[in-house]
Amino acid sequence: MQQPEVSEVEIVGMTTLGDQILDKSLSKIGGKGLFIKELEHALLEGRADLAVHSGKDIPMQLEPAFKLLGFMPRENPLDAFVSNDFESLHSLPAGAVVGTSSLRRQSQVLARFPHLRVEPLRGNLDTRLGKLDNGQYQAIVLAAAGLIRLGMNERIRGVIDAADMLPAVGQGALGLEIRAGDDQLAEIASRLVDPLTSRLVGSERTVSRELGGSCQVPLAGYATVVDGGQMTLRALVASPNGQQCVTATAMGSQSNWLELGLEVVSKLRSGGAERLIQAALAS
Ligand SMILES: NCc1[nH]cc(CCC(=O)O)c1CC(=O)O
């Protein structure tokens, strides 16, 4: 049987509300799907057939009109330490100011390095780097993948080890979304999907889905393949000031990615994650 073919692909560039709101902290604006709504409208109106999103911007539950096909091969999933004067979080002196508006990054910096200060930092990548270069911060933390994709690798002083900072669920992976029921496109676009990345990110997303993760909650989840082809999933829920922190790990076969996600959720719950999440949402 002949496979459906695509002879021409047109890129429809779009800016999302999440990209436009640069002055307020994401954790304050909230709202699920801030970075994907415009692309979903284009899908519904037929202006586009395939939407490509940053994995960490995709809500855990899509509207029934849409289908998440899977994820493309992952770029570096970790966070990057960016600074003009220092090598790493470990070498920052007491009182040094780290810029980030991510509750996940803030809580982990403060948990691991309580002698540091965290100050809000929003804006597009150039604005954020400009504020660092102005001397408003001694260092800032950004997704390594964002810098790499925009050709700014040289700004990465070091990738932050997962032991110091677990990345966001889906960070560094691009997710592919289509209209539900568009079977022919599903078949064509499925060839872009990386099954391994999709299992790893699927496992991470299970944690966020079950616990109601959002930008208002300091939550991290990171799955990797370990020796022998097994996978491991690590996740964390913390208080914004980093003083309380629950972590959990599970390891098993890749085909059990969903079960591993649920195992981590149940461990996080036993450790008091729900209480931390309720507190973060109420503040
Ligand atoms: N929250 C915004 C966002 N969504 C995806 C990325 C970076 C690229 C990626 O993770 O794929 C960023 C910026 C950042 O966190 O520094």
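Computed from a predicted structure; not experimentally measured. Think of each chain on its own: its residues are numbered from 1, step by step along the sequence as written. Local features in this predicted model are restricted to residues of pLDDT 70 or higher, and side-chain atom pairs are both shown and tallied only at a pLDDT of 80 or more, whereas totals for entire chains, interfaces and linings draw on every residue.

**Q** Just checking my understanding: could you explain the environment of Leu 44 for this structure?
**A** Structurally, the position occupied by Leu 44 is in helix H3 (residues 37–44). Spatially, the C-alpha atoms of Leu 44 and Ile 178 are 9.3 Å apart, while their sequence positions differ by 134 residues. Working definition: helices are DSSP H or I runs of at least four residues, strands are E runs of at least two. Numbering for both runs from the N terminus.

**Q** What's the story with the confidence of the model for the protein in this structure? I'm lost.
**A** Note: predicted coordinates in regions of low pLDDT should not be interpreted at a detailed level. For the protein, the mean per-residue pLDDT works out to 93, and 95% of the residues sit at or above 70. The complex model carries a pTM of 0.93, and its ipTM stands at 0.92. A residue's pLDDT is the confidence the predictor assigns to it, expressed on a 0 to 100 scale.

**Q** What exactly am I supposed to notice about the site of the ligand here?
**A** As a rule, any residue with its backbone-derived C-beta atom within 6 Å of a molecule or strand is reported as near that molecule or strand. Taken together, the neighbourhood of the ligand is formed by Ser 54, Lys 56, Asp 57, Leu 142, Ala 143, Ala 145, Gly 146, Gln 171 and Gly 172. Counting only elements with at least two residues in the shell around the ligand, the list comes to strand S6 (139–143) and helix H6 (144–149). In this classification, the charged set is Asp, Glu, Lys and Arg, the nonpolar set is Ala, Val, Leu, Ile, Met, Phe, Trp, Tyr, Cys and Pro, and all remaining amino acids, among them Gly, are polar. Across the shell around the ligand, the residue classes tally to 3 nonpolar, 4 polar and 2 charged. An automatic or database domain assignment supplies the start and end points of every domain. Residues lining the shell around the ligand come from more than one domain, with at least three contributed by each of domain 1 (17–75 + 169–282) and domain 2 (79–159).

**Q** I'm lost on the pairing of strand S9 (residues 219–225) in this one. Help?
**A** Along any regular strand, the residues point their side chains to alternate faces of the sheet. Here exposure depends only on C-beta density: within 10 Å of a residue's C-beta, 20 or more other C-beta atoms make it buried, 12 or fewer make it exposed, and intermediate numbers make it partly exposed, the C-beta atoms being placed from the backbone. The buried fraction of S9 is high, at 5 of 7 residues. Any two strands with at least two DSSP bridges between them are considered paired. Where S9 and strand S10 (residues 231–238) come together, 7 bridges link them in antiparallel fashion. Each residue of the ladder has a partner; that of Ala 223, found in S10, is Leu 233. The turn linking S9 back onto S10 is made up of 5 residues, and Gly 228 within it adopts a positive phi angle of 90°.

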